[in-house]
2 protein chains.
Amino acid sequence: MKTLKDIGEHNAIAALTANLKAVGDDCAVLSQEGSLYDLVLTSDPLIQGVHFTPDAAPEQIGHKAAGRVLSDFAAMGAEPQYLLVNVVAPGTENVERLEKVYAGFTTLCERFDTEVVGGDLSEGPAFELHVFGVGRVPKGTALLRSGARPGDAIYVTGPLGGAQKSGKHLTFTPRVTEGKWLRECGFVTAMMDLSDGLATDLRHILNASNVGAEIESDAIPLNGTVEEALFDGEDFELLFTARSEPAADCDIPLFKIGSITSEPEVLTLDGAVLERKAFEHFKD
Amino acid sequence: MKTLKDIGEHNAIAALTANLKAVGDDCAVLSQEGSLYDLVLTSDPLIQGVHFTPDAAPEQIGHKAAGRVLSDFAAMGAEPQYLLVNVVAPGTENVERLEKVYAGFTTLCERFDTEVVGGDLSEGPAFELHVFGVGRVPKGTALLRSGARPGDAIYVTGPLGGAQKSGKHLTFTPRVTEGKWLRECGFVTAMMDLSDGLATDLRHILNASNVGAEIESDAIPLNGTVEEALFDGEDFELLFTARSEPAADCDIPLFKIGSITSEPEVLTLDGAVLERKAFEHFKD
């Protein structure tokens, strides 16, 4: 018998989704007959002991649960519209804490004009929030991971690393506004949000676009060490590739960290090939 | 400190959703600017030890997870289009079991032309599936709980009771086809699916419509005892009210079990007032 621990998250997802249409971007993008917009869908779990510790501020737990999903919309340049949230909690869960979690959740939704329209509350052994999001993007304009081309510049929208240590993983602002602006400006070729660390996430773009990349450690905006920026994750900044420089009047912070190369899936840091290394659920 | 066990599921949901727009039907129905369809959204959890036992057949666990959400669409007369599923499992979870769960899930989705377009796999202490559904219904035609009027007849689409004992809760066919037909036929005034037992669910219609109801035990189609039909739950048949008889050529099984009365929220069985009694999460 093989367990999830034996094969790891990525292999398990690959096995389960083998028969489905390509799943790989931060959201599913679905064209709707007769509509000017594509439908954009995503879901994210937030599990106590996995995505936050029991002593995290309740409002911040709710903030992170909503923020992760809103960040998925940002990653596509999409507009979030509706969220649903399934809450799981043991019977011993403190109701006041739950109300604060919910308040943190709805406060962030309101900031981005996103309405909470449903959900569920069930009994279970761990405290969890499962958030589902529905949004839209003008037909055919969603930014995917697959559009990067050799010669494109690589950018991030803010400093990276140390998000767990600093607590930023609980308080980050999802880059919904920036994502929409980047889609509208027209120079972005591929985009995603940074949830697993720059090195790991950039590989998703390389893989989907069948290209390579060279990045410079000096150019990476840092909240911690370079190692942390590459592998920590949960920065929830945007990572994108662009075929030209942003316009001079661009008032969104953008940091150019490298360029796309033609050698498929080869990622170099300061000229040296960077090895794979990343957190993966079910693997130690 | 108050816990969820102290106040129960319904009070907790009421406290959490106090600031939201009315949430109450099986799905949220949202009008979309410039579209001929309303957007229909729902989510349901399926948790080991709560909604199924560890020894349940894996394919049936997946079937039930999809079926609960598809039944929500049926309840509105809506057409399900897309599902996303967040899977939570401990690292010791058997991968082969998980593949069978997923196969049961996708097989039922395919039967109702519903596409699985995304989801997530995370580590957690219990085996859970959180399913999110997106669908549509022609603008303004969704069947709500709030349309029942005195004099309407009350119907169900199939035999009730004993769904846990018989295993039907794991193998039921969601009434998507029947729900769509009932919406199109135009004589239905209110509808929902039977997940918590006839007595408990009928009260939701009475409450939303501000009416009462009288039902006859002899008229209830049974899979178990009358008590089980009233309070067991998980039959996943449709419960609806109608202003006239179905057409003679209706080939969907329909069972008339009583009528709507004008006395708000008073439910009688064989002429005697029926007391409230129902399973509620967090309450013993």
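Here is what the cut-offs are and how they apply
Residues numbered from 1 in each chain as written. Chains lettered and ligands numbered in written order. Predicted model: local features only at pLDDT ≥ 70, side-chain atom pairs only at ≥ 80, totals over all residues. Domains from an automatic or database assignment. Contact = placed C-beta atoms within 7 Å. Helix = DSSP H or I, 4+ residues; strand = E, 2+ residues; numbered from the N terminus. Nonpolar A, V, L, I, M, F, W, Y, C, P; charged D, E, K, R; others polar. Pairing = 2+ DSSP bridges. Axes fitted to C-alpha atoms, helices over the stretch in contact; angles between N-to-C directions. Buried ≥ 20, exposed ≤ 12 C-beta atoms within 10 Å, placed from the backbone. Arc of directions from axis to C-beta.

Residues and elements named next belong to chain A. When cut into domains, chain A gives domain 1 (4-138) and domain 2 (153-273). On a C-alpha basis, the centres of domain 1 and domain 2 stand 22 Å from each other. Facing 18 residues of domain 1, the contacting portion of domain 2 comprises 18 residues. Secondary structure elements with two or more residues in the side of domain 1 that touches domain 2: helix 2 (58-76) and strand 3 (79-89). In terms of residue count, helix 2 provides more of the side of domain 1 that touches domain 2 than any other element does, ten residues in total. Its residues placed into classes, the side of domain 1 that touches domain 2 shows eight nonpolar, six polar and four charged.

It is worth spelling out the sheet that holds strand 6 (residues 153-156) of chain B at this point. All names here are of chain B. Taken in spatial order, the seven strands line up as 7-9-6-10-8-11-12 in an open sheet, and their pairing is mixed. Of all strands in the sheet, those with a lone pairing partner are strand 7 (188-193) and strand 12 (272-273), marking the two edges. Most of the contacts of helix 2 (residues 58-76) go to strand 7, to which it runs at about 170°, and overall it touches strand 7 and strand 9 (238-242). Relative to the sheet, helix 7 (residues 198-209) contacts strand 7, strand 8 (212-215), strand 9 and strand 11 (267-269), its axis offset from that of strand 7 by approximately 135°.

Turning next to the pairing of strand 1 (residues 28-31) of chain B. Residues and elements named next belong to chain B. In this structure, strand 1 lies alongside strand 2 (residues 37-47), joined through four bridges in antiparallel fashion. If you follow Ala28 over to strand 2, its bridge partner there is Leu41. Taking the residues that link successive antiparallel strands as the turn, the strand 1-strand 2 hairpin has five residues, and the phi of Gly34 there is positive, at about 75°.

All names here are of chain A. Listing the buried residues of helix 6 (residues 176-185) in full gives Val176, Glu178, Gly179, Leu182 and Arg183. Angularly, the buried residues of helix 6 cover 165° about the axis, an arc narrow enough to put them on a single face. At its buried positions, helix 6 is contacted by helix 2, strand 3, strand 7 (188-193) and strand 9 (238-242). Directly beyond the C-terminal end of helix 6, a positive phi value near 85° is found at Gly186.

Residue and element names in this part refer to chain B. Burial runs high along strand 5 (residues 128-138): ten of the eleven residues are buried. Relative to strand 5, strand 2 is paired through eleven bridges, and the arrangement is antiparallel. Paired with Ile47 across the two strands is Glu128, which belongs to strand 5. Pairing geometry for strand 3 (residues 79-89) and strand 5, over nine bridges, is antiparallel. Looking across to strand 5, one finds that Tyr82 is bridged to Val134.

As a further point, take the interface of chain B and chain A. Opposite the 58 residues of chain B that make contact, chain A presents 58 residues. Going through the elements one at a time, helix 1 (4-16), strand 1, strand 2, strand 3, helix 3 (95-111), strand 4 (115-123) and strand 5 of chain B are the ones with two or more residues in the side of chain B that touches chain A. Considering only residue class, the side of chain B that touches chain A consists of 31 nonpolar, 17 polar and ten charged.

This next bit is on unusual backbone geometry. The residue Phe236(A) is not glycine, and still its phi comes out positive at about 55°. Turning to its location among the elements, Phe236(A) is positioned in the loop between helix 8 (226-231) and strand 9. Phi at Asp113(B) takes a positive value of approximately 50°, unusual for a residue other than glycine. With respect to the helices and strands, the residue Asp113(B) is situated in the loop between helix 3 and strand 4.

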